Amino acid sequence: MSAAESATNEPVVVGIDLGTSAVKVLAATVGGREIASGSEFYALQTPHPEYVEQDADVVYRATMRVLERVLADVRLRGREVAAIGLSSAMHGVLCVDEAGEPLSGVITWLDRRAHAIADGWRADGTAVSLYAQTGAPMHPMLPVAKLRWLADNEPALFARTRRFVGLKELLIFRWTGEWLIDHGLASATGMFDLRARAWYAPALERAGVGADRLSTPAAPSTRLRAFRPAIVGALGLRPNATVVLASADGPLANIGVGTTSPGDLALTLGTSGAVRILSETPMLDAAGRTFCYCADDARYVVGGPTSAAGASLDWIFALLLDELPKEGRFARAIALAAEAPPGADGLTVQPFFAGERAPYWNSSLRGAFDGLDLAHDRRMILRAGFESVVFGVFAVYAVLRELAGDAQRLLLSGGLTKAPLVRALLADVFELPAVQPHQQEASAFGAALVAAQAVGLIDDAASAAHAVGYDAPTAPNPATQDTYRAAFARYRALVDAQLRLAG
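Residues numbered from 1 in each chain as written. Predicted model: local features only at pLDDT ≥ 70, side-chain atom pairs only at ≥ 80, totals over all residues. Heavy atoms only, no water.

Peer 1: Account for the nonpolar core, with residues named and values stated.
Peer 2: Counting 133 residues, the largest nonpolar core has Leu150, Leu426 and Phe430 as the members making the most contacts within it. Counting residues per element, this core draws most heavily on helix H14 (residues 378-404), at 14 residues. Apart from the residues lying within four places of it in its own chain, the contact partners of phenylalanine 430 are Leu265, Leu267, Val390, Val393, Phe394, Tyr397 and Leu410. In terms of nonpolar packing, the next biggest core, distinct from the first, is built from 44 residues, Ile16, Ile35, Val74 and Ile231 among them. (Core = buried A, V, L, I, M, F, W, Y, C linked by side-chain atoms within 4.5 Å. Buried < 20%, exposed > 50% of the residue type's maximum accessible area, 1.4 Å probe, protein only. Helix = DSSP H or I, 4+ residues; strand = E, 2+ residues; numbered from the N terminus. Contact = heavy atoms within 4.5 Å.)

Peer 1: Describe the side chain of serine 443, and please don't skip the residues or the numbers.
Peer 2: With respect to the element layout, serine 443 can be found in helix H16 (residues 442-454). Note on serine 443: relative accessible area 12%, which makes it buried. In this structure the side chain of serine 443 is engaged in a polar contact, spanning 2.8 Å, whose partner is the backbone oxygen of aspartate 249. Ignoring any residue separated from it by four or fewer positions in sequence, one finds serine 443 in contact with Asp17, Ser87, Asp249, Leu252 and Ala253. (Polar contact = N/O pair within 3.5 Å; in protein donor to acceptor, adjacent residues only side chain to side chain.)

Peer 1: Would you mind going over the sheet that holds strand E16 (residues 273-279) in detail, with residue names and values included?
Peer 2: The six strands are arranged E17-E18-E16-E15-E21-E22 in an open sheet whose pairing can be described as mixed. In the strand order of this sheet, the two ends are held by strand E17 (291-294) and strand E22 (434-435), each with one partner. Where strand E15 (residues 264-269) lies against strand E21 (residues 409-413), five bridges are found, and the strand directions are parallel. Across the sheet, aspartate 264 pairs through a bridge with arginine 409, a residue of E21. Relative to E16, H14 is tilted by about 20 degrees, and along the sheet it contacts E15, E16 and strand E18 (300-306). (Pairing = 2+ DSSP bridges. Axes fitted to C-alpha atoms, helices over the stretch in contact; angles between N-to-C directions.)

Peer 1: Please give an account of the packing of H14 against helix H15 (residues 420-430) that cites residues and values.
Peer 2: Contact geometry of H14 with H15 gives a least axis separation of 10 Å together with a crossing angle of 45 degrees. Judged by the inter-axis angle, H14 sits oblique to H15. The hand of the H14/H15 crossing is right-handed. Together, Arg383, Phe386, Glu387, Val390, Phe391, Val393, Phe394 and Tyr397 of H14 and Leu421, Val422, Leu425, Leu426, Val429 and Phe430 of H15 make up the contact between the two elements. By residue class, the composition of the contact of H14 with H15 is twelve nonpolar, no polar and two charged. (Parallel < 35°, antiparallel > 145°, perpendicular 65-115°, else oblique. Left-handed = near helix turned anticlockwise from the far one by under 90°. Nonpolar A, V, L, I, M, F, W, Y, C, P; charged D, E, K, R; others polar.)

Peer 1: I'd like a description of H16, backed by residues and values.
Peer 2: The first and last C-alpha atoms of H16 sit 18 Å apart over 13 residues, in line with the 18 Å expected at 1.5 Å per residue. Listed in full, the buried residues belonging to H16 are Ala442, Ser443, Ala444, Phe445, Gly446, Ala447, Ala448, Leu449, Val450, Ala451, Ala452 and Ala454. Phi turns positive, to about 85 degrees, at glycine 456, one or two residues after H16. (Expected span 1.5 Å × (residues − 1).)

Peer 1: An account of the pattern of salt bridges is needed here, citing residue identities and associated values.
Peer 2: Counted under the stated rule, the structure contains 24 salt bridges. Taking the shortest distance from any N to any O, the salt bridge between lysine 168 and aspartate 182 comes out at 2.6 Å. In this pair, lysine 168 is assigned in helix H7 (residues 167-176) and aspartate 182 in strand E9 (residues 180-182), connecting sequence segments 14 residues apart. Residue lysine 168 is classed as buried on the basis of its relative accessible area of 2%. The class of aspartate 182 is buried, set by a relative accessible area of 1%. The salt bridge involving arginine 299 is made with aspartate 296; its shortest N-O contact spans 2.8 Å. (Salt bridge = Lys/Arg side-chain N within 4 Å of Asp/Glu carboxyl O.)

Peer 1: With reference to specific residues and values, describe the pairing of E16.
Peer 2: Most of E16 sits out of view: seven of its seven residues are buried. Where burial is concerned, the two faces of E16 agree: the one with Gly273, Val275, Ile277 and Ser279 and the one with Ala274, Arg276 and Leu278 are both buried. Strand direction decides the pairing type here: E15 and E16, joined by four bridges, are antiparallel. The residue bridging leucine 269 from the neighbouring strand is glycine 273, located in E16. Between E15 and E16, which pair antiparallel and follow one another directly, the connecting turn spans three residues.

This is how it looks when you write it as structure tokens:
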């Protein structure tokens with residue numbers, strides 16, 4: 001068989017990633033060759049201060065449009081899809097009625113209305129006891145806190161809600177009629193027992209719900225083959241089509257970038273940031289600074305997310321580059337920041353414009369600029385902004401090093417990492433080589449490969465992603481080492497001072 005014939009016969013799998021600001025659909029061979037892809041953006045809604053929601057129907061319709069186009073493109077190329085895997089952003093809560101119709105917007109991870117609930121549980125010790133079983137550090141993003149807030153503040157809505165679900169659960173219900181949640185998304189609710197892989201009764205009691213008002217937990221390898229006729233027709237699915245639950249976007253990004261050894265550190269920088277490793281066993285931090293969630297049927301993902309990433313940079317860009325259209329600001333910001341020296345001439349930014357998650361889990365943290373001088377211009381401010389986002393994920397890595405030891409390399413994903421300046425910053429601050437996989441849609445690719453593994457096309461999803469390969473690494477620059485160590489020390493001193501003031 002020729003190489004061309006072999007490539008034509010290689011199975012095609014699809015990954016769907018329901019993100020915070022866009023849905024992405026990727027069709028690729030199990031060897032990593034992209035066959036078709038598509039995406040569509042949708043807006044977040046902020047109806048009140050601290051509220052950040054999505055319209056579930058807008059997201060669902062966007063997903064169906066993109067998926068239809070990608071599947072049609074695959075068929076036009078004379079190929080068939082062997083399996084579809086599903087990825088989704090974590091921590092969303094949607095109220096639905098008996099028929100599965102939305103009664104509310106999706107309360108996203110960015111929403112902070114439950115901060116008083118989370119703060120109270122941190123103060124009275126509830127957070128510590130829940131973390132020991134669930135692996136989820138207490139924060140207003142967690143569905144366990146959101147449900148308690150709804151019960152206390154929206155009792156009529158809470159009472160008439162039949163189920164509290166996420167976007168992926170809604171999609172699965174509309175496709176199959178079943179309410180299912182994979183172990184990855186379930187463990188990100190703060191209500192899932194990591195070791196038993198089942199709903200944790202004391203957490204449900206705190207939330208004010210019974211398991212019957214949540215979806216049924218299922219292994220990430222769960223295969224779905226019975227679809228509503230309307231869905232089969234709309235998508236042009238084959239009678240033996242298989243959809244695999246897969247997992248949440250974070251663990252799937254680890255799988256999609258090919259983290260196969262203990263020294264592989266997956267790092268995502270997009271709207272938010274995250275640093276994660278895969279572990280064969282649950283790994284908890286004594287101080288509760290990192291999460292531990294289920295990744296696939298057997299493994300766990302350990303790490304921490306930051307809120308202060310692309311969303312914080314967008315705020316700075318709007319402030320300093322308002323003469324440009326939004327879509328042109330990032331490239332201009334990168335160019336200007338590259339003109340400023342490492343360390344931003346002593347300027348430090350605290351990018352906590354919406355509080356911060358790991359490793360502080362403190363929604364009251366706020367943004368600040370320290371060391372501003374008359375000699376500084378927007379180049380320095382932009383440079384300090386980019387450095388602060390990198391310092392944020394580096395602070396999470398400092399905790400992971402205590403738990404799991406030093407990493408050997410950074411495996412990158414997320415839109416910010418496509419900029420050479422950001423890759424260089426990451427390599428220099430972490431003092432590790434930073435590499436990008438050839439396939440950069442990490443969560444969608446991870447979902448596709450988990451689906452491929454579930455139907456027996458490959459033996460291990462992460463190993464298959466690793467085999468796809470990587471771009472040349474960005475090596476750390478020893479000349480910047482002392483500068484960035486001093487700049488990070490200034491950053492941490494400011495954070496620690498604010499934490500003391502916040503109590």
